[in-house]
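Examining the three-dimensional arrangement
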Amino acid sequence: MALLSSFSAGAGRPPAIPGARWRPADAHLRPLLLWVRTGTAHVRLDGGPTLHLKAGEGAWIPAEDRAERTITTEPGTVAFPLCPHAGVGTRGLPELTRFDVPGDWQDWLIQLFNLQVTPFNGHGYSPEAIAELLRRPGTRPPTPAALDHGPAPETPAAEERHLAPETLAAEERHPAPETLAPPTMPRARGARAVAEELMHDPALDLTVERWAARVLSSARTLRRDFLAETGLTFEQWRLHCRLGAAVEFLAAGYEVDQVAALVGFASRNGLTRAFKGRFGLTPHEFGRKLFARPGGGGLTQRAAAARQTDDLIRMMRETNIPTAPEMLPPASTPSHTNDIHVLSWMYRGSGYLDIGDRRYERERGVATWIPAQLEHVTGLRENSVSLPLGNASTADLHLTAPLQVRFSPAWDDYLMFCSISARSALRPDDHNPRHILDLFAGQVAAQRALSVPMPTDPRARAVALECLRRIGEPGGTQDADIRAEIHRAFRDETGMTLARWRYAARMRIARDLLTGGAPPSAVARRTGYAHLPTFSAAFSRFHGLSPREYQEREAARGR
């Protein structure tokens, strides 16, 4: 197990939670469930009466093309917007409905939010068994004709009902892959954003033109990027995505009619035709043969989220208080890399982060920055819940190794609010995605202090990391408590005494905090100096400039 730099950020009081407003571009496409954990929220449809929700209450908002849908929250409120798949709407309630959320459902709802905003690429069932089933002797490979979208009643989505002949010809030249692997993700920013939304919810039924408008692109550019970077037209890529999701839902035990709605087909016949054209089996045949085989059970993350939505609708419909469903079993992601740094917080239970042959433990209350461009696996243990808090570009944050920050339970509501703001359309009017970096300024600076020469002796290195963890405490680690051989290791391996090394680390942290705009008085406290004059003298002695002069110089350089 690797030793991970861990710093305490949540010992004090969290910032105040501001009010928020819901402003999605596709409000009418999906039903919405709003659950208020703390505070007060207000829902108003079409200028009608306002529905007021207090802590412990929820509202089901059906998916309709309404002229106006207004959702606001008051300061201090944490409200989770849960967006079931677009195909779920017919199974929900037909009108705006308020309901009470039992206490034992609350962590379960937080888990459902996480499933809906986290990439769906983990498999709980046996993909090998399904692949073997779909590639059995006698199974027909997909033909080019089977990859177009057929006559109107059997097409999977509205815009596929009117494809031009040249589009169909292009699709015949680029047949979909025969594997069960998810379709290749495009790299271009706009196309990738569309692909990620469809991976989350393949039932979304937008024309290419509307997708392009959502990602500030053009339909021509979007089509070109999909074809150039995936080898598939947009329609083919979406069909591949929908059929992959259909396999997951069928493996989870859904009926064919339910699966057709969940993945965006206009009819059962449309799904059956496309599914058989690709896999050589009808969905019904696939389900029957799969469940006749041992070891084919389990749920993917996407199917688990759909099952949880079913449970949620059951809770809303029942007059008696229903028992909360079970939490998820252990889960992990496939090995993957991110283009940006990702911040993930353990709200409940525990998990882990594997990078190469090193495992970093993730305990309750710990937020972990996962560096960009590092191949990794993240995992959750049984009955555990994590939430994404935000992202940072490599330009905003220099990070080459994981960084962990521990928060006390007093921060739970604020961090949930950060997750909701980062991953949903419910956010403050002045929301700044980079605000999450401000919370970690001291911790990031401490991480960068690792660039100060570090001892290689394991015992001395442990002392160095402990010094960084306690860098904000006046006096910090007491030298008298440290054995002579560790002092010797510092001198031999860093060229500095332990006291001098601690001084250099404090000054490195102070530089970063001052460059980030923190006032010298705050920097003094965060680096362990009880009095500003003492800090100013130490900083001036080390840098030849006062803290204020250094800050002004760096600000001038940044202009």
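For the rest of this paragraph, the subject is the packing of aromatic side chains. One pass over the full model with this rule turns up 16 aromatic pairs. Summarising the aromatic geometry, the rings of Trp105 and Trp108 are spaced 4.9 Å apart at their centres and angled 75 degrees between planes, so their arrangement reads as edge-to-face. Take Trp105: its relative accessible area is 0%, and that puts it in the buried class. Three or more aromatic residues joined by ring pairs form one cluster here, namely Tyr529, Phe535, Phe539 and Tyr550. Above the face of the Tyr352 ring, Arg359 is positioned so that its terminal group lies 3.8 Å from the ring centre. Over the ring of Tyr529 we find Arg506; its NZ or CZ atom is 5.6 Å from the centre of that ring.

Right, let's get into the pairing of strand β5 (residues 50-54). Put simply, side chains in a regular strand alternate between the two faces of the sheet. Judged by which residues are buried, β5 turns out to be one-sided: Leu51 and Leu53 face inward and are buried, whereas Thr50, His52 and Lys54, on the alternate face, are not. A loop of four residues connects strand β4 (residues 40-45) with β5, the two strands running antiparallel in sequence, and Asp46 in this loop sits at a positive phi of about 50 degrees.

Read from one edge of the open sheet, five strands run β5-β4-β7-β2-β18, paired in antiparallel fashion. Across the chains shown, the open sheet's two edge strands, defined by having one partner strand only, are β5 and β18 (426-427). Two elements, strand β2 (residues 20-22) and β18, share two bridges in a ladder whose sense is antiparallel. When the bridges of β18 are listed, Trp22 appears paired with Leu426.

Here we take up the confidence of the model for the chain. Across the chain, pLDDT averages 77, with 73% of residues at or above 70. Per-element confidence in the chain ranges from a low mean pLDDT of 36 for helix α3 (residues 165-173) to a high of 95 for strand β12 (residues 351-355). Note on residues 1-7: pLDDT under 50 across the span, and 28 contacts to partners over four residues away in sequence or across chains. In this model residues 120-179 is a low-confidence stretch, pLDDT under 50, and it forms 143 contacts with partners more than four residues away in sequence or in other chains.

What follows is about the environment of Trp105. With respect to the element layout, Trp105 can be found in the loop between β9 (97-100) and α1 (106-117). Sequence separation of Trp105 and Glu326 is 221 residues, and the distance between their C-alpha atoms is 9.7 Å.

Our next topic: the sheet that holds strand β10 (residues 331-332). Read across the open sheet, the four strands follow the order β10-β15-β12-β13; overall the sheet is antiparallel. The sheet is open, and its two borders are formed by β10 and β13 (358-362), each paired with just one other strand. Of the pairings in the sheet, the one linking β12 to β13 comprises five bridges and is antiparallel in character. Across the sheet, residue Asp354 finds its bridge partner in β13, namely Arg359.

Rules used in this analysis
- Residues numbered from 1 in each chain as written.
- Predicted model: local features only at pLDDT ≥ 70, side-chain atom pairs only at ≥ 80, totals over all residues.
- Heavy atoms only, no water.
- Phe/Tyr/Trp six-rings, centres within 6.5 Å; stacked < 30°, edge-to-face > 60°.
- Buried < 20%, exposed > 50% of the residue type's maximum accessible area, 1.4 Å probe, protein only.
- Lys NZ or Arg CZ within 6 Å of the ring centre and 35° of its normal.
- Helix = DSSP H or I, 4+ residues; strand = E, 2+ residues; numbered from the N terminus.
- Pairing = 2+ DSSP bridges.
- pLDDT = per-residue confidence, 0-100.
- Contact = heavy atoms within 4.5 Å.

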